[in-house]
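Architecture and fold: a report
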Amino acid sequence: MKSSGQITTIDSAQKLLEIPVISDNITLDGILEERAWGLAAYDTTFWLHYPIDTGQAYATTEVRMMYDESNLYIGLICHESLGKPIVQSLKRDDDGSFNNSDFVAIVIDPADNSKNGYYFGVNAAGALMDGNIYQNGMYPSVNKYWNNEWSAEVSARGNDLIYEIVLPFSTLKYKNDCNNWGVNFIRNDVGRNVTYSWTSFPAGKHNYDLGYTGKLHFNEGLSEVEKKKVILIPSISSGINNNTETSEKVNYTAKAGLDAKVSLGTSLNLDLSINPDFSNVAVDKQYIDFYRFENYLPEQRGFFLENSDLITSFGTYDDVSTSPSESRVKPVYTRRIGINDDNIIPILYGVRLSGEITDGTRIGLLNTHTEKRGDYSAQNYLVASVQRGIFKRSAIKGLFTNRNSIGDFEYQKEDYNRTGGIEFDFTSEDGKWSGSTKLHSNFTQSNKTDNLFYGLGFTYYNKVFKTQNWMEHVDKNYSPDIGFIPRLYHKDSFLDTTYRFGYTHFTNKYELYQFKNDEHIIVMGEYINLHTYLNEQNRLNELIFDLGYWCVFSNNVHIVLQGSYNSFDLLIPHDVLGNQNPVKSGTYTNKNLFFLYESDKRKKFKYKFQADYGEFYDGTKFTFSGGPTYSVQPFATITLNYNLADIELNQDNGNVTYHLISFEPEVSFSTKLFWSNLIQYNTQIKNVNFNSILQWRFAPMSDLYLIVKDDMTTSAKNKNFEFSFKLTYWLGL
């Protein structure tokens with residue numbers, strides 16, 4: 001197909017795609033045969049991005065783009081595919097499978113400020129992947145749990161794959177008078193084990209980095225584009241529950257709820273949720289818990305996700321490289337809302353206002369109300385934030401949160417917890433330097449002193465070196481009820497008492513990269529991580545030192561080897577094994593070795609395992625986790641994972657061996673029908689857990705779920721059984 005549209009040109013600064021308005025109707029079929037596609041803006045110049053980032057792409061990729069009053073239209077033709085495309089799964093938003101499949105993706109920055117945007121991806125079988133992006137220092141924070149309405153179709157023509165994508169403007173937040181957006185296109189060529197990009201940028205940078213987009217210009221502007229003003233998402237659910245632990249009779253439930261999305265202009269949105277039901281949210285995968293502090297788990301509930309950076313980006317710098325067990329300070333951790341000690345507390349309603357109110361100024365307002373349940377009183381939660389962009393990629397941010405108990409339909413004036421804070425985030429135009437400084441205060445009726453959190457630091461990145469250096473101080477009374485500050489709390493299980501101790505944390509991370517790209521090694525690196533904790537008297541409380549090496553071989557095998565040194569003062573006796581024999585407080589010095597091996601994730605049969613061995617308090621610890629995955633591409637995936645923790649302490653504290661086995665079969669009957677299962681056998685908590693969700697997407701963004709959850713003891717005694725269904729329908733007005 002020969003296009004008569006405008007050809008993109010490249011200059012020393014950026015690429016440009018000038019797209020025309022069309023009036024023809026477009027049939028979404030993955031063929032691109034309509035006359036309008038011949039008038040679309042197009043380009044065929046793509047660059048190598050990973051693991052090689054110099055030179056033009058090995059295979060030709062053709063991008064075409066145009067728009068009308070309602071939609072953006074993107075066509076991508078991937079020429080010269082090697083053999084049959086590799087597709088791991090048909091399931092939507094399955095990022096592990098998606099990233100190891102042949103796919104294309106578009107990255108969009110509607111404000112063209114390199115701070116916030118979206119990505120939309122399609123694999124070679126038509127499975128969709130989407131999310132919103134918040135540029136956070138060295139790496140973008142990618143929220144894969146965000147979902148919205150858009151469509152794509154894929155077809156094959158010889159060795160070419162043709163992708164046709166339709167993005168409704170109603171899915172995006174943008175300003176009518178902004179006719180220039182940031183844009184990039186990504187192609188994953190699994191057969192050649194390379195990734196291509198429309199713009200050229202360093203291999204160590206994430207595919208969806210907003211700092212390396214080209215320009216998208218709307219030839220006729222966007223002022224006349226119409227958006228759906230209201231989207232209604234009614235839902236109904238019903239089920240049965242049999243909890244034998246509480247000796248309750250079989251309980252029958254029925255529930256109706258309503259979500260609404262109201263567009264207040266093109267860049268500001270009001271979201272309402274009445275009587276929400278989150279029964280279809282996947283359960284958290286269990287882990288053997290021998291940690292002193294709580295692990296950080298992701299939010300998966302849809303209501304809390306859109307523009308979530310306005311609410312959750314405050315506090316400690318974290319990114320895709322931050323592990324769940326790594327210490328952090330977050331004044332807002334939305335999993336505290338509607339969940340208390342793993343007990344579900346029903347949310348009566350939620351209201352969220354988010355988006356851009358003026359050029360460079362974004363606001364976020366979240367208010368939710370939970371009902372009284374047992375010993376838990378009704379609560380109202382308020383989070384308000386503002387971000388004012390300065391320079392090219394920096395911002396000043398303010399935050400206020402409030403939790404207030406509700407009794408007899410009145411606020412309990414003395415039962416509140418409030419946090420206020422201000423932060424400055426800086427990122428250089430080239431993205432190499434970033435930094436932040438912050439000051440927060442937390443107030444309750446009884447604690448109005450020793451209640452500060454403050455910090456500062458910076459990151460630096462280039463192709464061969466990156467570093468993070470941070471200092472954070474937490475006073476003992478800085479304790480946001482909806483926050484995540486696990487290191488502040490020290491539980492004495494024997495006395496059933498929790499103490500708070502303030503601390504100062506210094507983080508220093510250094511990493512070297514070598515992109516070999518030879519017959520043996522693709523890329524490798526060495527790293528040093530140093531965490532230093534001072535107590536309230538500014539004396540050393542803990543020192544953690546990691547020295548590691550990692551490598552990705554030419555056959556896509558990945559290894560990590562790490563040695564660690566940890567010296568710490570245990571402030572409160574800790575019942576590590578849960579046997580009422582706590583480890584005594586005192587000073588402990590532990591050393592251990594860690595090894596990880598992961599096979600080629602593109603293959604039908606792959607496996608991964610990791611192990612570490614070393615000193616643990618006054619004893620030793622050996623842990624192992626791993627197992628195989630087999631794919632019947634792209635329809636089914638079966639994963640078996642085994643976790644072992646063998647802990648030997650002194651005679652007074654005892655020994656234990658824990659086992660955790662998980663079996664995870666998933667079936668994708670089509671891109672509309674999925675069946676996900678997770679079975680977990682955990683000897684630490686003496687529990688067998690079965691979760692099964694059948695999802696049918698019968699219309700755009702409209703789903704029917706059948707859900708089975710069953711908890712048993714390891715001796716097969718039933719504890720809790722649930723069967724439910726949920727129906728949602730997406731209605732645009």
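Residues numbered from 1 in each chain as written. Predicted model: local features only at pLDDT ≥ 70, side-chain atom pairs only at ≥ 80, totals over all residues. Heavy atoms only, no water.

Considerations on the overall build of the protein
Each helix and strand counted, the protein has 2 helices and 43 strands in total. The C-alpha radius of gyration of the protein comes to 26 Å, within 12% of the 27 Å expected for a compact globule of 733 residues. Along the first, second and third principal axes, the C-alpha atoms of the protein reach 80 × 65 × 55 Å. When burial is assessed residue by residue, the protein has 56% of its 733 residues classed as buried. Accessible surface for the protein amounts to roughly 31900 Å². Of this, 55% is attributable to carbon and sulfur atoms. Once the 68 positive and 86 negative side-chain charges of the protein are each reduced to a mean point, those two points are 1 Å apart. (Helix = DSSP H or I, 4+ residues; strand = E, 2+ residues; numbered from the N terminus. Rg over C-alpha atoms; globule rule 2.2 N^0.38 Å. Buried < 20%, exposed > 50% of the residue type's maximum accessible area, 1.4 Å probe, protein only. Areas by Shrake-Rupley, 256 points an atom, 1.4 Å probe, with all protein chains shown as cover. Lys, Arg positive; Asp, Glu negative; His and termini not counted. Charge placed at Lys NZ, Arg CZ, Asp CG, Glu CD.)

Focus: the pairing of strand S28 (residues 489–492)
Every second residue of S28 is oriented toward a common face, the buried set being His490 and Asp492 and the non-buried set Tyr489 and Lys491. Examined bridge by bridge, S28 and strand S29 (residues 497–500) share 4 bridges and lie antiparallel to one another. Across the sheet, His490 pairs through a bridge with Tyr499, a residue of S29. Taken together, S28 and the strand that follows it, S29, pair antiparallel across an intervening segment of 4 residues, in which Asp496 is found at a positive phi of about 55°. (Pairing = 2+ DSSP bridges.)

Section: a nonpolar patch on the surface
The grouping of Ile236, Trp696, Phe698, Leu727, Tyr729, Leu731 and Leu733 at the surface amounts to a nonpolar patch, some 630 Å² of accessible area in total. With respect to the element layout, Phe698 can be found in strand S40 (residues 687–699). The class for Phe698 is partly exposed, based on a relative accessible area of 31%. (Patch = residues over 30% accessible without salt bridge, like charges linked within 9 Å, V, L, I, M, F, W, Y side chains within 5 Å. Salt bridge = Lys/Arg side-chain N within 4 Å of Asp/Glu carboxyl O.)

A closer look at the environment of Ala127
One can find Ala127 in the loop between strand S7 (116–123) and strand S8 (128–136). In this structure, the C-alpha to C-alpha distance between Ala127 and Val87, residues 40 residues apart in sequence, is 9.1 Å. Not counting the four nearest positions on each side in its chain, Ala127 is found in contact with Ser89, Leu90, Lys91, Phe98, Gly121, Val122 and Thr671. (Contact = heavy atoms within 4.5 Å.)

Some remarks on the packing of aromatic side chains
Tallied over the full model, the rule gives 44 aromatic pairs. Each residue in the set Tyr287, Phe290, Tyr291, Phe568, Tyr588, Phe616 and Tyr617 is aromatic and connected to the rest through ring pairs, giving one cluster. A cation over a ring is seen here: Lys205 above Tyr461, with NZ or CZ 4.4 Å from the ring centre. (Phe/Tyr/Trp six-rings, centres within 6.5 Å; stacked < 30°, edge-to-face > 60°. Lys NZ or Arg CZ within 6 Å of the ring centre and 35° of its normal.)

What to know about the side chain of Asp546
Following the sequence through the fold, Asp546 ends up in strand S32 (residues 540–553). Among buried Asp, Glu, Lys and Arg side chains, Asp546 stands out as unpaired, with Lys509 the closest opposite charge at 7.9 Å. Here Ser564 takes part through its side chain, which lies 2.7 Å from a polar atom of the side chain of Asp546. Leave out the neighbours within four places in its chain, and Asp546 touches Tyr527, Ile528, Asn529, Gln562, Gly563 and Ser564. (Polar contact = N/O pair within 3.5 Å; in protein donor to acceptor, adjacent residues only side chain to side chain.)

Concerning the pattern of salt bridges
One pass over the structure, following the stated rule, counts 29 salt bridges. For the salt bridge of Arg373 with Glu371, the shortest nitrogen-to-oxygen distance reads 3.0 Å. Judged by its relative accessible area of 38%, Arg373 is partly exposed. For Arg487, the salt bridge is made with Glu542, and the minimal N-O distance between the two is 2.2 Å. Of the two residues, Arg487 sits in the loop between strand S27 (465–474) and S28 while Glu542 sits in strand S32, which places them 55 residues apart along the sequence.

Observations regarding the environment of Arg352
With respect to the element layout, Arg352 can be found in strand S20 (residues 347–358). Taking the C-alpha atoms as reference, Arg352 lies 5.8 Å from Leu270; in sequence the two are 82 residues apart. Setting aside anything within four residues of it in sequence, one finds Arg352 in contact with Lys261, Asn269, Leu270, Asp271, Phe303, Phe304, Leu305, Glu306, Leu365 and Leu366.

A short note on unusual backbone geometry
Residue Pro51 is bonded to the preceding Tyr50 through a cis peptide linkage, with omega at 0°. Examined against the element boundaries, Pro51 turns out to sit in the loop between strand S3 (47–50) and strand S4 (61–67). Each neighbour pair has its own omega, and for Gln633 with Pro634 the value is 0°, a cis peptide bond. Here Pro634 is to be found in the loop between strand S36 (619–632) and strand S37 (636–648). Notably, Glu80 is not glycine yet its phi reads approximately 60°, a positive angle. The class of Glu80 is partly exposed, set by a relative accessible area of 35%. Unusually for a residue other than glycine, Met701 sits at a positive phi of about 60°. The class for Met701 is buried, based on a relative accessible area of 10%.

Some points on the pairing of strand S1 (residues 16–19)
With burial as the criterion, only one face of S1 is covered, namely that bearing Leu17 and Ile19; the residues Leu16 and Glu18 on the opposite face remain uncovered. Relative to strand S14 (residues 214–218), S1 is paired through 4 bridges, and the arrangement is parallel. Looking across to S14, one finds that Ile19 is bridged to Phe218.

A closer look at the sheet that holds strand S2 (residues 41–43)
One open sheet holds the 5 strands; their spatial order is S2-S4-S5-S11-S10, and the pairing between them is antiparallel. Among the strands making up the open sheet, the edge pair consists of S2 and strand S10 (151–157). Looking at each pair of strands side by side, their axes are set apart by 15° on average, direction ignored. In this sheet, strand S5 (residues 71–78) lies alongside S4 in antiparallel orientation, the contact comprising 7 bridges. When the sheet's bridge partners are listed, Arg64 is paired in S5 with Gly75. (Axes fitted to C-alpha atoms, helices over the stretch in contact; angles between N-to-C directions.)

Overview of the confidence of the model for the protein
Confidence in the prediction for the protein averages 90 pLDDT; 97% of positions are at 70 or higher. Low pLDDT, under 50, characterises residues 1–12; the predicted model gives this stretch 32 contacts beyond four residues in sequence or across chains. (pLDDT = per-residue confidence, 0-100.)

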